[in-house]
Structures are given as C-alpha cells and as structure tokens.
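Below are the chains, spelled out letter by letter.
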Amino acid sequence: MLNRCIELASQLMNRKQRVAAIITDKKGRILSFGVNSYTKSHPKMAWYASKFNDFNKIYLHAEIASIIACDKKPHTMYIARISKSGKISPSLPCRICQEAIRDAGIKEVITTWQPLFQCVII
C-alpha cells in the first residue's frame, strides 16, 4: 500500500511538497486518500492549526485531507513524500497532523521515513 501512496504522490506536479496519504481499514481496504493543497483549506485544518498557534498552516495537509474524506473506521495511514527531483523523501506527520491522526483513532502510520519506513502512533 505504501507503493500506491508513493505513486499517488509522484503524480502531483508543480507542488512544493508532493505528499499523499492513504487511509485503510483493518483489512487493508482503501477508505480514503488526500494530498497537500496550497489553495484549499478546511475548518478542521484551521482548527488544528489554531490549537498549536500555527496560523500559517491553514492549507490542507495530505493527512488531514484523507481524514476528512474518511467516513468509516480507520486503522492505518500511509504517507509518502516525493522530492522535486522525483525521489522518495522522508515523511513524518507534523505535530498538527499527529494530533489529528490520534483524534481520528488511527492505530498505525507507515511513512517513507527512512530507514524504518514505519512509526506507530496510538
């Protein structure tokens, strides 16, 4: 599934940060996906940004976009970042997204964070 997330992030063109997130259920079925946006915001993103007094981060992050789109019980989130040169880059959720991930009840987060490619948030 991380490979699918990498493919999705790779398809994003002309973006500063090419980041994609996919949420699956316990059986590995895709429930939703999201990508970073530099033009769209959402009240949930603005609320989490204000919670950390980080008002510059009101535009949708891939993690929160995928949480907003998810209408079933999430289990795992996959996050991938692709550099401007097209290479897989380290990706960890920011503190705003970490809080949203915890609040959504996501049990496991798998990222392109090297060398482990996995971190667990409960």
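Residues numbered from 1 in each chain as written. Predicted model: local features only at pLDDT ≥ 70, side-chain atom pairs only at ≥ 80, totals over all residues. Heavy atoms only, no water.

A. Representation of the overall build of the protein in the model. A count of helices and strands for the protein gives four helices and five strands. Each helix (α) and strand (β) of the protein, taken in turn from the N terminus, gives the series α-β-β-α-α-β-β-α-β. Considering only C-alpha atoms, the protein reaches an extent of 35 × 30 × 25 Å along its principal axes. By residue count, 44% of the 122 residues in the protein fall in the buried class. For the protein, the share of sequence-separated contacts (at least 6 apart) that also reach a separation of at least 24 residues comes to 55%. As displayed, the protein offers around 7000 Å² of accessible surface, 53% of which is attributable to carbon and sulfur atoms. (Helix = DSSP H or I, 4+ residues; strand = E, 2+ residues; numbered from the N terminus. Buried < 20%, exposed > 50% of the residue type's maximum accessible area, 1.4 Å probe, protein only. Contact = heavy atoms within 4.5 Å. Areas by Shrake-Rupley, 256 points an atom, 1.4 Å probe, with all protein chains shown as cover.)

B. Fine view of the pattern of salt bridges. In the structure shown here, the tally under the stated rule is four salt bridges. Note that aspartate 54 is salt-bridged to lysine 57, the shortest N-O span being 4.0 Å. On the basis of relative accessibility, which here comes to 16%, the residue aspartate 54 falls in the buried class. Between glutamate 99 and arginine 102 there is a salt bridge, and its shortest N-O distance comes to 3.6 Å. Of this pair, glutamate 99 and arginine 102 are both found in helix α4 (residues 95–104), three residues apart, which corresponds to roughly one turn of the helix. A relative accessible area of 18% places glutamate 99 in the buried class. Exposure remark for arginine 102: the relative accessible area of 39% places this residue in the partly exposed category. Salt bridges here are not isolated pairs; linked through shared partners, they connect Lys51, Glu99 and Arg102. (Salt bridge = Lys/Arg side-chain N within 4 Å of Asp/Glu carboxyl O.)

C. Representation of helix α3 (residues 62–69) within the structure. Across the eight residues of α3, six count as buried, placing the element largely inside the fold. Taken together, the buried positions of α3 are occupied by Ala62, Glu63, Ile64, Ala65, Ser66 and Ile67.

D. Up close: the nonpolar core. Judged by nonpolar contacts, the single largest core of 21 residues is most densely connected at Ile23, Ile64, Ile67, Met77 and Ile106. Secondary structure elements with two or more residues in this core: β1 (18–24), α2 (43–51), α3, β3 (76–82) and α4. Those residues in contact with methionine 77 that sit more than four places away from it in its chain are Ala21, Ile22, Ile23, Glu63, Ser66, Ile67, Ile101, Ile106, Glu108, Val109 and Ile110. Ranked by size, the runner-up nonpolar core spans 11 residues in total, among them Leu2, Ile6, Leu8 and Ile82. (Core = buried A, V, L, I, M, F, W, Y, C linked by side-chain atoms within 4.5 Å.)

E. Fine view of the packing of α3 against α4. Viewed as axis vectors pointing N to C, α3 and α4 meet at an angle of 25 degrees, and their least axial separation amounts to 9 Å. If you check the angle between α3 and α4, you find them roughly parallel. The handedness of the crossing between α3 and α4 is left-handed. Here Glu63, Ile64 and Ile67 of α3 lie close against α4, whose contacting residues are Ile96, Cys97, Ala100, Ile101 and Ala104. In terms of residue class, the contact of α3 with α4 is built from seven nonpolar, no polar and one charged. (Axes fitted to C-alpha atoms, helices over the stretch in contact; angles between N-to-C directions. Parallel < 35°, antiparallel > 145°, perpendicular 65-115°, else oblique. Left-handed = near helix turned anticlockwise from the far one by under 90°. Nonpolar A, V, L, I, M, F, W, Y, C, P; charged D, E, K, R; others polar.)

F. Region of the structure containing unusual backbone geometry. A positive phi is found at asparagine 53, a non-glycine position, where the angle reads about 50 degrees. Looking at where asparagine 53 falls in the secondary structure, it is placed in the loop between α2 and α3. Among the residues examined, asparagine 53 registers a relative accessible area of 60% and is labelled exposed.

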